[in-house]
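# Fold and geometry: a report
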Amino acid sequence: MSCSLTEQTCIPCSGEVPPASAAEIAELKPQIPAWEIISVDGVDQLQRIYDFSNFQTALEFTNKVGALAETAQHHPALLTEWGKVTVTWWTHALHGLHRNDFIMAAQTDDAAQGLTVSAPANPYG
Ligand SMILES: C[C@H](O)[C@H](O)[C@H]1CNC2=NC(N)=NC(=O)C2=N1
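Residues numbered from 1 in each chain as written. Predicted model: local features only at pLDDT ≥ 70, side-chain atom pairs only at ≥ 80, totals over all residues.

### Some details on the environment of Thr80
Keep this limit in mind: In this description a helix means any DSSP run of H or I spanning at least four residues, a strand means any run of E spanning at least two, and both kinds are numbered starting from the N terminus. Here contacts are defined at the residue level, using C-beta atoms placed from the backbone and a cut-off of 7 Å between them.
Here Thr80 is to be found in strand β3 (residues 77-81). With 31 residues separating them in the primary sequence, Thr80 and Ile49 have C-alpha atoms 10.0 Å apart. Aside from chain neighbours lying at most four places away, what touches Thr80 is Ala58, Leu59, Thr62 and Val85.

### Overview of the pairing of strand β4 (residues 84-89)
The two faces of a sheet get side chains in turn, since along a regular strand they alternate between them. To keep it simple, the criterion reads: Partly exposed residues are those whose C-beta has more than 12 but fewer than 20 other C-beta atoms within 10 Å; with 20 or more the residue is buried, with 12 or fewer it is exposed, and the C-beta atoms are placed from the backbone. Two strands are counted as paired when DSSP detects at least two bridges linking them.
Alternating residues of β4 divide into Val85, Val87 and Trp89, all buried, and Lys84, Thr86 and Thr88, none buried. Where strand β2 (residues 43-51) lies against β4, 6 bridges are found, and the strand directions are antiparallel. Across the sheet, Ile49 pairs through a bridge with Thr86, a residue of β4. Two elements, β3 and β4, share 5 bridges in a ladder whose sense is antiparallel. By the bridge assignment for β4, Leu79 is matched with Thr86. The antiparallel pairing of β3 with β4 creates a hairpin that spans 2 residues between the two strands, and Gly83 there sits at a positive phi of about 75 degrees.

### A closer look at the site of the ligand
Just so we agree on the cut-off: Contact assignment follows one rule, namely that a residue is near a molecule or strand if its backbone-placed C-beta atom lies within 6 Å of it. Each residue gets one of three labels, nonpolar for Ala, Val, Leu, Ile, Met, Phe, Trp, Tyr, Cys and Pro, charged for Asp, Glu, Lys and Arg, and polar for the others, Gly among them.
In the neighbourhood of the ligand, the contacting residues comprise Cys13, Gln73, His74, His75, Thr91, His92 and Ala93. Split by residue class, the shell around the ligand holds 2 nonpolar, 5 polar and no charged.

### Quick notes on the nonpolar core
Quick reminder of the rule: Put simply, a nonpolar core is a cluster of buried Ala, Val, Leu, Ile, Met, Phe, Trp, Tyr and Cys residues tied together by C-beta atoms within 7 Å.
Formed by 20 residues in total, the largest nonpolar core has its most connected members in Leu46, Phe61, Trp89 and Ala105. The set of elements that each furnish at least two residues to this core consists of β2, α2 (55-72), β4 and α3 (99-112). The biggest single contributor to this core is α3, with 5 residues. Setting aside anything within four residues of it in sequence, one finds Leu46 in contact with Trp35, Ile37, Thr88, Trp89, Trp90, Leu97, Asp101 and Ala105.

### Here's the deal with the packing of α2 against α3
Our working rule: In this analysis, axes come from line fits to C-alpha atoms, helices being fitted only over the stretch in contact, and the angle between any two N-to-C directions falls in the range 0 to 180 degrees. Crossing handedness follows the turn of the near helix against the far one: under a right angle anticlockwise gives a left-handed crossing, and clockwise gives a right-handed one.
Interaxial distance between α2 and α3 falls to 10 Å at its minimum, and their mutual angle equals 145 degrees. Of the two elements, α2 crosses α3, and the hand of that crossing is right-handed. Facing α2, whose interface residues are Phe61, Lys64, Val65, Leu68 and Ala72, α3 presents Met104, Gln107, Thr108, Ala111 and Ala112.

### Details of the pairing of strand β1 (residues 36-40)
Counting buried positions over the 5 residues of β1 gives 0, only a small fraction of the element. In this structure, β1 lies alongside β2, joined through 5 bridges in antiparallel fashion. Residue pairing for β2: Ile38 is matched across the bridge by Gln45. Connecting β1 to the next strand, β2, in antiparallel fashion are 2 residues, including Asp41 with a positive phi near 50 degrees.

### What about the environment of Leu94?
The residue Leu94 is located in the loop between β4 and α3 in this model. Residues Leu94 and Ala69, spaced 25 residues apart in sequence, show a C-alpha to C-alpha distance of 17 Å.

### Details of α2
Operational definition: Expected span of a helix, by definition, is 1.5 Å for each gap between consecutive residues, and there is one gap fewer than residues.
An ideal rise of 1.5 Å per residue puts 26 Å on 18 residues; α2 measures up with 26 Å between its terminal C-alpha atoms. The secondary structure elements touched by the buried residues of α2 are β2, β3, β4 and α3. A positive phi of about 55 degrees marks Gln73, the residue just after α2.

So, to be careful, I would describe these as geometric facts and stop short of saying anything about function.
Structure representation (structure tokens):
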């Protein structure tokens, strides 16, 4: 498919839908290069840490991602700290990754545009 991830929308997903195949992951992952695939208790997840210059901007970004999630009815784990937000996407119903997670990761990257700083600025270390 040539359509970029940010132009796609999530499809409703139940436990009957198969998780993303290795071939699908190989197609989609290069479109979100800054994301890591992690495994938590055997569940594959997409994770990225974004850096911000203060808590308020981190919270503003968190709320933008929350609004995207509500629109898509697909929800991430969000950890908001001073100067950073950790975003984790996976599909609860599948206990793993679905194309939806890659779509949401791409949308999350778009939401971060203009808000992030390139290096952590945490004065507390
Ligand atoms: C009914 C409702 O759409 C489902 O419970 C949705 C809600 N948000 C969700 N978010 C994520 N990440 N995975 C899901 O399986 C999921 N299911």
